[in-house]
Amino acid sequence: MKPRSETRADSSTSVPSPREIASALEASVFGQRLAVREISVALSKKLAGIAAGNVLLIGPSGSGKTTLMRAVESYLDSDPALAKRSTVIRVHANILGQEADEGAPGERLLQRLLARAQKQLGGDASVAELLDRVAHGIVFVDEIDKIRARIGDLPHIPGIRAQEALLTVMENEKLPLILPASTGGGRTFLDTRSILFVAAGAFEGLYDAVYDRVTVGRDRGALQSVTVLDSEGVREETPFSLRDWLRSQDLFDYGMSPQFLSRFDGAVLLQNLSEGDLLKIFLGAPDSGLESAKKFFARFGVDLVLSPEAARLIAARAAGQPRLGARALKEVFRQVIRDYEFEPSAHAENGALVIDRTEVEEALAKA
Ligand SMILES: Nc1ncnc2c1ncn2[C@@H]1O[C@H](COP(=O)(O)OP(=O)(O)OP(=O)(O)O)[C@@H](O)[C@H]1O
Ligand SMILES: [Mg+2]
């Protein structure tokens, strides 16, 4: 007989601490310490069976929001003991509006959790086990800013529908759910209040909107310029950080409904990646362009080596394109590596292709 799965209340398995979770996530997420900490605490609580507040991640494009969500997924997947206790799905916010139009809003989200739970638990899982899994699942909703209720002055109907659909799942004590035929079918109700939601979006334009509000708009004068004296002389500066000035009202104005936002424990802001972070990502991220280039060259017996100075130049160039975030690294590195890829061994000496600062400078000068 299959042992009954533990209930969360009497779960005696040890729970990873937030710090342990964070250090695992930091193997693939660089910088963004605050966001990593916040997620790690929520996850540790969740794994302990304790209520965790929903998390809203806001950060520039290419700063690591999706990377962080993926890192949590693979962290949970990497350990069978954890995978057993958590059912995670990641969805693109846009599809929620489409799905809401096709039928019971929110139910499709539960169906996805159910399908995932079934896959994890196998065919002979009981209905009770499956439902327990769904009721305590984790839902990542990416690109949440795409479901704004207004764009400019116009209502954005798919966005309104998607926010409503999410809200249905986030605050419903009893949501109808059709059970899979493999478990005997039928219909039941599911209490969704223990599902953890993590939503993320770039909220493009939010930075400028808040800056305008505190400088020339509604709260004109709130942000004062300061006089800076340094080696370059005296000048006026207006130091602005979204973290200091973002208010809920700014997100309402952006098009997120107050009811929807009230289901989150506040926003966690990711930062623009620094040049140092970019260098670490370039050299160490598991999915960095450098890693895949090394693999490619290795297939032709060539050891691809970048000098530290060459790597630093690439990170510096990428840092000059903050709108792309870490995606700029791939673009810059492509310019550097492109000419060598066609004949991987042609430029190698003693089995190694060494790219130094001169090669990088030449390649970037052409770009
Ligand atoms: N903090 C980070 N740590 C490690 N890699 C990162 C980080 N930020 C970005 N990257 C790299 O850059 C790529 C793009 O990052 P990601 O998809 O996480 O951006 P995003 O914040 O979700 O942006 P968008 O708002 O455009 O969806 C990733 O594939 C990853 O390689
Ligand atoms: Mg993303």
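Just so we're clear, the structure is a prediction, and the values are computed from it rather than from any experiment. (Residues numbered from 1 in each chain as written. Chains lettered and ligands numbered in written order. Predicted model: local features only at pLDDT ≥ 70, side-chain atom pairs only at ≥ 80, totals over all residues. Heavy atoms only, no water.)

Caption draft 1: Geometry of the domain arrangement of the protein chain. Its domain assignment divides the protein chain into domain 1 (1-272) and domain 2 (275-366). Counting residues at the interface gives eight residues for domain 1, matched by twelve residues for domain 2. When domain 1 packs against domain 2, close to 700 Å² is buried across both sides, 51% of that on carbon and sulfur atoms. Of all residues in domain 1, the largest losses of buried area upon contact with domain 2 belong to Phe 30, Ser 61 and Gly 62, amounting jointly to 63% of the total for that side. At the junction of domain 1 and domain 2, the tally comes to one salt bridge. Note that Arg 323 is salt-bridged to Glu 204, the shortest N-O span being 3.2 Å. At the surface where domain 1 touches domain 2, the tally comes to three residue pairs in polar contact (both at pLDDT 80 or more). Considered class by class, the residues forming the side of domain 1 that touches domain 2 number two nonpolar, five polar and one charged. (Domains from an automatic or database assignment. Contact = heavy atoms within 4.5 Å. Buried area = accessible area lost by both parts, 1.4 Å probe. Salt bridge = Lys/Arg side-chain N within 4 Å of Asp/Glu carboxyl O. Polar contact = N/O pair within 3.5 Å; in protein donor to acceptor, adjacent residues only side chain to side chain. Nonpolar A, V, L, I, M, F, W, Y, C, P; charged D, E, K, R; others polar.)

Caption draft 2: Representation of the site of ligand 1 within the structure. Looking at ligand 1, there are 20 residues lining it, with Phe 30, Ser 61, Gly 62, Lys 65 and Thr 67 nearest. Within the side chain of Glu 143, a nitrogen or oxygen atom sits 3.5 Å from an oxygen atom of ligand 1. Contact between ligand 1 and Asp 287: an oxygen atom at 2.9 Å from a side-chain N or O atom of the residue. Relative to its free-state accessible area of 620 Å², ligand 1 is covered by the protein chains to the extent of 91%. A per-element tally of the shell around ligand 1 places helix H3 (residues 65-78) first, with three residues. Looking at the shell around ligand 1 residue by residue, the classes come out as seven nonpolar, eight polar and five charged. Built from parts of two domains, the shell around ligand 1 gets at least three residues from each of domain 1 (1-272) and domain 2 (275-366). (Near = heavy atom within 4 Å. Areas by Shrake-Rupley, 256 points an atom, 1.4 Å probe, with all protein chains shown as cover. Helix = DSSP H or I, 4+ residues; strand = E, 2+ residues; numbered from the N terminus.)

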